[in-house]
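Commentary on secondary and tertiary structure
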Amino acid sequence: MSVTAPQGFRAAGVPAGLKGDGARDVAVVVNDGPSRAVGAVFTGADDRAAPVLWSQQVASGGRVRAVVVSSGGANAGTGPTGFQDVHAAAEHTADLLDDSAAEVVLCATGPVGTRTDPAALREGITAALAEASRGGGLAAADAIRTTDTVAKIAFRRGGGYTVGAMAKGPDDSLSTVLCVLTTDADVTADQCQRLLTATAGTCLDPLTATNDAVLLMASGASGTVPDEDDLAALLTEVLTELATQLGADTPATEHDRAENS
């Protein structure tokens, strides 16, 4: 289990033809609540990708129902058209969930300058949401891989609550990263933001690539209000384990690092 280890989350990963090799390339993580609190840390790059620009707006509201991650192209350097594509994908996701696009985060990874095929992405989102379940965490982690040779997942159980996560790399420093963390602890958006900022700053190198994003989603489904220090310790353990997994994977070549976000 990974992002679906905590209660209140469903996930899936499906092939949508974005990579062209038949591999899974669209993942969804859905928060069924009762809470939708979120914290997020994004790249500090000046040339932030369209999904980052969209998702920063969404995360600033402190509520997220779903995250969509595509791994066929970064949608970076694609200008207004790329941003319109992201908006349309968020609207499509929201329609299928009967929810608001203002609570749908989009992340993407792959070759910079590549615009994700909008029709293929929509089909992938539709299929992934239809399959989303508590058992879909590993498939979701598999779908976000680019140069990774294996999926990266981790989870830890605390006192009445759980933290789960998936990430993609690989990189010897985690400087190119998409990471989704989930918890069923009952915490506010402000707490999510504060805890994620602190732990990500400790465990991860500065986020500098066009598409870097780290998210913490809280469902509150366990009903447990955690001690903040204990939750911070659990988040640190999970992020540290992911960093270890990424470091143990086959390092990306310099060509890979240049071609992939």
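This section reports on the structure supplied with the text. (Residues numbered from 1 in each chain as written. Predicted model: local features only at pLDDT ≥ 70, side-chain atom pairs only at ≥ 80, totals over all residues. Heavy atoms only, no water.)

Turning next to empty space enclosed by the protein. Scanning all chains against the criterion turns up 2 cavities of 30 Å³ or more. Around the largest cavity, the lining comprises 14 residues; the ones closest to its centre are Asn75, Asp85, Val86, Ala89 and Leu121. Where the lining of the largest cavity is concerned, the elements lending two or more residues are helix 2 (79–97), strand 5 (104–108) and helix 3 (118–131). Residues belonging to the lining of the largest cavity are distributed by class as follows: 9 nonpolar, 3 polar and 2 charged. Considering only enclosed or pocket space, the second largest cavity measures out at about 30 Å³ in volume. (1 Å grid on protein atoms, 1.4 Å probe; cavity = no way out; pocket = protein on both sides within 12 Å on 5 of 7 lines; lining within 4 Å. Points joined across faces, edges and corners; volume = space filled by probe spheres on them. Helix = DSSP H or I, 4+ residues; strand = E, 2+ residues; numbered from the N terminus. Nonpolar A, V, L, I, M, F, W, Y, C, P; charged D, E, K, R; others polar.)

Our focus in this paragraph is the sheet that holds strand 1 (residues 9–14). Pairing in this open sheet of 4 strands is mixed, and the strands run 1-2-4-5 from one edge to the other. In the strand order of this sheet, the two ends are held by strand 1 and strand 5, each with one partner. The mean angle between the axes of side-by-side strands here comes to 10°, regardless of whether they run parallel or antiparallel. Where strand 2 (residues 26–31) meets strand 4 (residues 66–70), 5 bridges bridge the pair, whose relative direction is antiparallel. Among the inter-strand pairings, Val30 is bridged to a residue of strand 4, identified as Ala66. (Pairing = 2+ DSSP bridges. Axes fitted to C-alpha atoms, helices over the stretch in contact; angles between N-to-C directions.)

Let's shift gears to the packing of helix 2 against helix 3. Between helix 2 and helix 3, the least distance of the axes is 10 Å, while the angle of their chain directions is 25°. With respect to helix 3, the axis of helix 2 lies roughly parallel. For the crossing formed where helix 2 meets helix 3, the hand is right-handed. Here Asp85, Ala89, His92, Thr93, Leu96 and Leu97 of helix 2 come into contact with helix 3, specifically with Pro118, Leu121, Arg122, Ile125, Thr126 and Leu129. Taken together, the residues that form the contact of helix 2 with helix 3 break down as 7 nonpolar, 3 polar and 2 charged. (Parallel < 35°, antiparallel > 145°, perpendicular 65-115°, else oblique. Left-handed = near helix turned anticlockwise from the far one by under 90°. Contact = heavy atoms within 4.5 Å.)

Once that is clear, we can look at the pattern of salt bridges. Inspection of every chain in the model, using the stated rule, returns 14 salt bridges. Between Glu237 and Arg156 there is a salt bridge, with its nearest N and O atoms 3.0 Å apart. Note that Glu237 is positioned in helix 6 (residues 228–248) and Arg156 in strand 6 (residues 152–157), a separation of 81 residues in sequence. Take Arg156: its relative accessible area is 26%, and that puts it in the partly exposed class. Across the pair Glu228 and Arg194 runs a salt bridge whose closest N-O atoms are separated by 2.6 Å. Linking Glu228 in helix 6 with Arg194 in helix 5 (residues 189–203), this pair joins segments that are 34 residues apart in sequence. The class for Glu228 is partly exposed, based on a relative accessible area of 25%. If you follow the salt bridges from partner to partner, you end up with Arg10, Asp32, Arg36, Arg63, Arg65, Asp99 and Glu103 in one network. (Salt bridge = Lys/Arg side-chain N within 4 Å of Asp/Glu carboxyl O. Buried < 20%, exposed > 50% of the residue type's maximum accessible area, 1.4 Å probe, protein only.)

Nothing here speaks to function; it is all geometry.
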